[in-house]
Amino acid sequence: MNEPVYLDHNATTQPGPEVLEEMLDSLRTVWANPSSTHAPGQAARRALTDARARVATFLGCQGAELVFTSGATEANHMAVLGALALGRERGRTRLVLSAVEHPGLLALAARLKAEGQPVDLIPVNAQGQLDLEAARGLIRDDVALVSVMGANNETGVLMPVAELAALAHAAGSPLHVDATQLVGKTTARFDAGGADLWSVSAHKLHGPKGIGALVVRKGLVWPALFSGRQERQRRGGTENMPGILGFAAAAERAGLTLADDLARMRSLQARLEGGLRAALGDVHLYGAQAERLPNTSCLRFGTLDAEQVLGRLERSGVVASSGAACTASGTQPSHVLLAMGETPLQAKASVRLSLGRETRADDIDRAITAAVQAIGPLLEPARPAAEPQAA
Ligand code: PMP
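In this text the structure is predicted, and so the values were computed from the model without any measurement.

*Asks:* Just to check I follow, could you spell out the nonpolar core for this structure?
*Replies:* The tendency in soluble globular proteins is for nonpolar side chains to be buried side by side. Among the nonpolar cores identified, the biggest contains 61 residues, and L59, L66, F68, L164, L175, W198 and F247 are the most heavily contacted of them. Looking at which element gives the most residues to this core, the answer is helix 2 (residues 39–59), with eight residues. For this core, the two domains that each supply at least three residues are domain 1 (5–12 + 258–376) and domain 2 (17–253). Of all hydrophobic cores here, the second largest spans 30 residues; its members include A279, L304, A371 and L379.

*Asks:* Whenever I open this one, the environment of V216 confuses me. Can you help?
*Replies:* Positionally, V216 belongs in strand 8 (residues 212–216). Between the C-alpha atoms of V216 and D196, which are 20 residues apart in sequence, the distance is 6.2 Å.

*Asks:* Please clarify how empty space enclosed by the protein should be interpreted in this entry.
*Replies:* To find leftover empty space, a probe the size of one water molecule is rolled over the atoms. A complete count under the given rule lists two cavities of 30 Å³ or more for this structure. Every residue lining the largest cavity is counted, 16 residues in all, and those nearest its centre are G184, K204, H206, M265 and R357. Per-class residue counts for the lining of the largest cavity are six nonpolar, six polar and four charged. Residues lining the lining of the largest cavity come from more than one domain, with at least three contributed by each of domain 1 (5–12 + 258–376) and domain 2 (17–253). Reported here for the second largest cavity is a volume of approximately 40 Å³. Every residue lining the second largest cavity is listed: L276, L313, V318, L353, A367 and A371.

*Asks:* Please clarify how the sheet that holds strand 4 (residues 119–122) should be interpreted in this entry.
*Replies:* Two modes of strand pairing occur in sheets, parallel and antiparallel, and in both the strands are linked by backbone hydrogen bonds. Strand order in this open sheet of seven strands is 2-8-7-6-5-3-4, and the pairing throughout is mixed. At either margin of the open sheet sits one strand with a lone partner, and together these are strand 2 (66–69) and strand 4. Across the sheet, the mean angle from the axis of one strand to that of its neighbour is 20 degrees, orientation sign disregarded. The sheet contacts of helix 2 involve strand 2, strand 7 (197–201) and strand 8, and relative to strand 2 the element is tilted by about 105 degrees. Against the sheet, helix 4 (residues 103–114) engages strand 3 (94–98), strand 4 and strand 5 (143–149), with an angle of about 150 degrees to strand 3.

*Asks:* Explain the pattern of salt bridges here, please?
*Replies:* Side-chain pairs of opposite charge can arise whenever the charged atoms involved come near each other. Taken as a whole, this structure holds 17 salt bridges when the rule is applied. Taking the shortest distance from any N to any O, the salt bridge between D120 and R94 comes out at 3.0 Å. Highlighted residues: D120 in strand 4 and R94 in strand 3, separated in sequence by 26 residues. Its relative accessible area of 17% is what places D120 among the buried residues.

*Asks:* Help me out: how do you make sense of the site of the ligand in this one?
*Replies:* Around the ligand, the structure places 13 residues, and the nearest of them are T73, D178, Q181, S201 and K204. Within the side chain of S201, an N or O atom sits 2.6 Å from an oxygen atom of the ligand. For the ligand, whose unbound accessible area comes to 410 Å², protein coverage reaches 85%. If you tally residues by element for the shell around the ligand, the top one is helix 3 (residues 72–89), at three residues.

About the criteria used
Residues numbered from 1 in each chain as written. Predicted model: local features only at pLDDT ≥ 70, side-chain atom pairs only at ≥ 80, totals over all residues. Heavy atoms only, no water. Core = buried A, V, L, I, M, F, W, Y, C linked by side-chain atoms within 4.5 Å. Buried < 20%, exposed > 50% of the residue type's maximum accessible area, 1.4 Å probe, protein only. Helix = DSSP H or I, 4+ residues; strand = E, 2+ residues; numbered from the N terminus. Domains from an automatic or database assignment. 1 Å grid on protein atoms, 1.4 Å probe; cavity = no way out; pocket = protein on both sides within 12 Å on 5 of 7 lines; lining within 4 Å. Points joined across faces, edges and corners; volume = space filled by probe spheres on them. Nonpolar A, V, L, I, M, F, W, Y, C, P; charged D, E, K, R; others polar. Pairing = 2+ DSSP bridges. Axes fitted to C-alpha atoms, helices over the stretch in contact; angles between N-to-C directions. Contact = heavy atoms within 4.5 Å. Salt bridge = Lys/Arg side-chain N within 4 Å of Asp/Glu carboxyl O. Near = heavy atom within 4 Å. Polar contact = N/O pair within 3.5 Å; in protein donor to acceptor, adjacent residues only side chain to side chain. Areas by Shrake-Rupley, 256 points an atom, 1.4 Å probe, with all protein chains shown as cover.

Listed below in C-alpha cells is the structure:
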C-alpha cells in the first residue's frame, strides 16, 4: 500500500537525511562537553560555534544573537517572562499579544493574567488579519512587550510585523515575533523585519524536535529562564549538541532550495484549493483574501465535523490535522477561528492541510481524489464528483 500523503507539515516535518547523519555523527564525534577545556571539549565547542553560524546565516541574524532553547515554546516563555522582568524595572507592566497566538503562549498569558498581570489581546478580522487600529489603541507607553506570531499556524495568515514594530518602538516596547511558522515558508529574515526577538523551532524545518532558539537583537540584555553559564548566561544547561547540529544541517539545507520550494508550494497550494473547490463546491477557505503562507490551507467542508472529515481522509490515505486544539476532554473549537468570528460549530469543522518541501503534484491529486471519495458523499446537496484538475 502507498504511504499516506502527509499534509500536516505545520505540526511537524520529517527530519531530512542530512539532519539524521549530522546528529548521529555528532553523538559519535563531538559528544564531549563544549564547556570543557580539554581537546575533545574544545572540538565540541568549535562544532557548536560553527553550527551557530550556520543557523544564524539562514535566519538572517548574528551568531551572538542566537540563544538555543528546547524549542519555540521555551523561547516564547523566555521572551514574555524576560520582558516582564525588565518592564518591572522601568514601570512597564502591560503585555499585548494577538488573540490568535499559539496555545502555549496564550496559556502562559492566561496564567499571568490570573496572577494579576495586565494582558491585552489584539483582535483579528474575519480574514484572520490583525486589527491594526485596535493595536494602535492598545500599544501605549506602559507596555512591556508586544508579541505576535509572524504567520498563524492554523490559517497561515501573515501578520503585519513591520507595522507592529513601528508601533511598539514608538511606545518604547520591544516586539517579539513567534516566527516558528515563518521560517522555511517565507523569505523573512530576522535582520530585515524590525522585530527585537524571534522564536524559532527546528522541527518545523525538517530538523529535530526539542531544539529551537530565541533570537535576541544585539544590544538587548535579556534575562535567562534557566540560570547558568551557557549561551552567554542567557540559557543554562549543557548544550544539546545533536539537536543544535541537526538544526544547523536543517537550516543549511533549507537555505539551499528555499526560493524553489516556496514557488512549488505556492503552485501546489493553488492546485489543492482549486481542485477541492471544483470537486466539492461547499468548501470554505479561511483567510482567502489575506496574505498567507504558501503551504497552508485551512478549510471547512460545509459544517462537517473536523474529526469525522480527518478520520475519513486518513482511511482514504491522507493525514492532516484540524485547526482545533485537542484536549483530553475532547476537541475544542479553534480559538483562532472563533477570534475570526466563526461559530463554535464552524470552528470545530476546520481542517488544516499543510504542504511541505517534499510534497509533489501527485500527492495533491491523491489528496483531492481522497477528499472527493471521503467527503463528497457527506456534502449536501452533493455536487457531482469531478476529476482532480490536470497540471
Ligand atoms: N509557535 C508556533 C506558531 C507553533 O506553530 C508551534 C508548534 N506547534 C510552537 C510555537 C511550539 O513550538 P515547539 O514545538 O518547538 O515548542
